[in-house]
Amino acid sequence: MPEPLYAITPEEEARVYAGGVRVRVLRAGWFRPDAGGFFGVVPKALWSRFTETDERGRLLCRLNLLLVEAGGKRILVETGTGVRVGEKDRDIKGIEGGDPAGALRAVGEDPASIDYVVLSHLHYDHAGGMVDAAGRPAFTGARYVVQRDEGEAAHGDELRLAGLMETEQLDLVRAAGQLAEVQGEVELVAGVSVLRTGGHTRGSQAVLLGAQNGGARAEDPQEHGIFWGDLIPTRWQISVRWVSAYDDYPIAAVEVRSELVQRAAAEGWWCYFTHDPGDLPVQIEATEKGGFRVRQG
Ligand SMILES: [Zn+2]
């Protein structure tokens with residue numbers, strides 16, 4: 001049986017982190033980024049040990065969103081490509097699905113029930129679904145959380161970024177009074193924080209899952225998780241120097257990846273990768289050679 005385009009982690013397999021933060025992965029379709037861009041300066045001889053390309057040199061990647069429930073609030077992390085990408089672009093980028101509200105409805109969840117929408121950054125495959133086909137916010141009851149730096153970059157005059165950011169969608173959400181610009185590390189609800197990382201884009205942010213103090217009883221969940229955004233798009237790119245050609249600030253990206261990957265390995269954080277085609281979350285561990293890998297079993 002072919003797998004459905006849209007799917008969510010089954011209720012009974014939802015992960016619960018410290019403080020009762022409940023997380024499910026919402027699979028919102030597929031896209032196929034160009035492998036050369038995706039792996040940047042990493043030689044094909046190295047990355048082809050992990051994955052392969054289609055006949056057009058593209059990688060089969062997922063659009064992974066998170067549905068987070070904490071403190072009585074519902075948080076959607078990322079919006080996928082949305083429904084406004086034209087046919088030609090959908091073909092070049094190999095997009096299937098990508099509609100975040102449609103994905104929620106397909107799994108029996110109401111888009112109007114979402115309180116916060118977190119955008120890791122403003123590239124098309126993350127922020128393209130902020131608004132619907134008519135240009136209205138796709139999540140009518142939500143505040144959209146974006147780093148201030150990212151909004152400023154979208155409106156900046158850097159030629160490199162021209163046409164790469166979802167500036168129009170950002171402005172439509174702002175005009176609707178639903179934009180919440182934040183700066184740095186901000187707790188949205190107890191146990192769910194956004195953390196500005198930069199690196200991939202000027203105002204890229206990750207999402208930290210789990211309260212610092214999870215509860216006193218032995219049976220209380222104590223674990224923590226992280227949604228990496230495109231700072232680390234898939235498990236293939238855990239090596240901290242494997243930055244992509246889409247990273248605007250590669251030197252900063254390597255530094256912040258190094259710091260966070262070390263913490264994630266040392267503290268056993270469960271990792272959610274935006275574009276990973278495999279089962280999530282996974283934990284990572286240090287190798288004998290000083291690198292990192294996905295922990296097996
Ligand atoms: Zn991406």
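Bear in mind that the values here come from a model prediction, so they are computed numbers and not experimental data.

### Remarks on the coordination of the zinc ion
Logical step 1: The zinc ion binds to the protein through Asp-125 (OD), His-126 (NE2), Asp-230 (OD) and His-275 (NE2); the donor distances cover 2.0 to 2.2 Å.
Logical step 2: Coordination geometry of the zinc ion: the four donor atoms subtend angles of 82 to 155 degrees at the metal centre, consistent with an arrangement described as irregular.
Logical step 3: Counting residues between consecutive donors of the zinc ion along the chain gives the motif D-H-x103-D-x44-H. Placement of Asp-230 in the loop between strand S13 (225–227) and helix H8 (250–267) and of His-275 in the loop between strand S14 (270–272) and strand S15 (284–286) is noted, with a sequence separation of 45 residues between them.
Logical step 4: Judged by its relative accessible area of 1%, His-275 is buried.

### Brief notes about the pattern of salt bridges
Two side chains with opposite charge may pair up if their charged atoms get near one another.
Logical step 1: Going through the model one piece at a time under the given rule, you end up with 30 salt bridges.
Logical step 2: Put simply, Glu-3 and Arg-62 hold a salt bridge, and the shortest N to O gap is 3.2 Å. Of the two residues, Glu-3 is situated in the segment before strand S1 (7–8) and Arg-62 in strand S4 (residues 61–70); the sequence distance between them amounts to 59 residues.
Logical step 3: A salt bridge links Glu-109 to Arg-24; its shortest N-O distance comes to 3.4 Å. Linking Glu-109 in the loop between helix H4 (100–106) and strand S7 (116–118) with Arg-24 in strand S3 (residues 21–31), this pair joins segments that are 85 residues apart in sequence.
Logical step 4: Judged by relative accessible area, Arg-24 falls into the buried class, the value being 3%.
Logical step 5: When salt bridges that share partners are traced, they join Glu-11, Arg-22, Arg-24, Glu-69, Arg-74 and Glu-109 into one network.

### Focus on the packing of aromatic side chains
Logical step 1: Under the defined criterion, the tally for this structure stands at seven aromatic pairs.
Logical step 2: Considering the side-chain rings of Phe-39 and Trp-242, the 6.3 Å spacing of their centres and the 85 degrees angle between planes classify their relative orientation as edge-to-face. Of this pair, Phe-39 sits in helix H1 (residues 35–39) while Trp-242 sits in the loop between S13 and H8; the two residues are 203 residues apart in sequence, bridging distant segments of the chain.
Logical step 3: Their ring planes at 65 degrees and their centres at 5.9 Å tell us that Phe-50 and Trp-242 sit as a pair that is edge-to-face. Here Phe-50, found in the loop between helix H2 (44–47) and S4, pairs with Trp-242, found in the loop between S13 and H8; they are 192 residues apart in sequence, far enough to count as distant.
Logical step 4: In this structure an aromatic cluster arises from ring pairing among Phe-38, Phe-39, Trp-47, Phe-50, Trp-236 and Trp-242.
Logical step 5: Taking the ring centre of Trp-270 as reference, the NZ or CZ of Arg-15 above it sits at 3.7 Å.

### Focus: the pairing of strand S10 (residues 185–189)
Logical step 1: In the sheet, S10 pairs with strand S11 (residues 192–196) via four bridges, with the strands oriented antiparallel. What sits directly across from Val-189, in S11, is Val-192.

### Side note on the state of the cysteines
Logical step 1: For the structure shown, the criterion picks out zero disulfides.
Logical step 2: Considering cysteine sulfurs only, Cys-61 is the nearest to Cys-271, which forms no disulfide, with 17 Å between them.
Logical step 3: Overall, the relative accessible area of 0% leaves Cys-271 in the buried class.

### Topic: unusual backbone geometry
Logical step 1: The peptide bond linking Leu-280 to Pro-281 adopts the cis configuration, its omega dihedral lying at 0 degrees.
Logical step 2: With respect to the helices, strands and loops of the structure, Pro-281 is situated in the loop between S14 and S15.
Logical step 3: The phi dihedral of Glu-78 is positive, around 80 degrees, even though this residue is not glycine.
Logical step 4: Counting through the fold element by element, Glu-78 comes out in the loop between strand S5 (73–77) and helix H3 (87–93).

### Overview of the sheet that holds S10
Logical step 1: With mixed pairing, five strands are arranged side by side in an open sheet as S10-S11-S12-S13-S14. A single partner strand is all that each edge strand has here, and the edge strands are S10 and S14. For this sheet, the mean angle separating the axes of adjacent strands, direction not counted, is 20 degrees.
Logical step 2: Note: S11 against strand S12 (residues 205–209), five bridges, orientation antiparallel. What sits directly across from Val-194, in S12, is Val-207.

What counts, and at which threshold
Residues numbered from 1 in each chain as written. Predicted model: local features only at pLDDT ≥ 70, side-chain atom pairs only at ≥ 80, totals over all residues. Heavy atoms only, no water. Donors = N, O, S within 2.8 Å, 3.2 Å for Na, K, Ca; no water. Tetrahedral: all angles 85-135°; square planar, octahedral: opposite > 155°, others 65-115°. Helix = DSSP H or I, 4+ residues; strand = E, 2+ residues; numbered from the N terminus. Buried < 20%, exposed > 50% of the residue type's maximum accessible area, 1.4 Å probe, protein only. Salt bridge = Lys/Arg side-chain N within 4 Å of Asp/Glu carboxyl O. Phe/Tyr/Trp six-rings, centres within 6.5 Å; stacked < 30°, edge-to-face > 60°. Lys NZ or Arg CZ within 6 Å of the ring centre and 35° of its normal. Pairing = 2+ DSSP bridges. Disulfide = S-S within 2.5 Å. Axes fitted to C-alpha atoms, helices over the stretch in contact; angles between N-to-C directions.

Geometric values such as these leave the question of function open.
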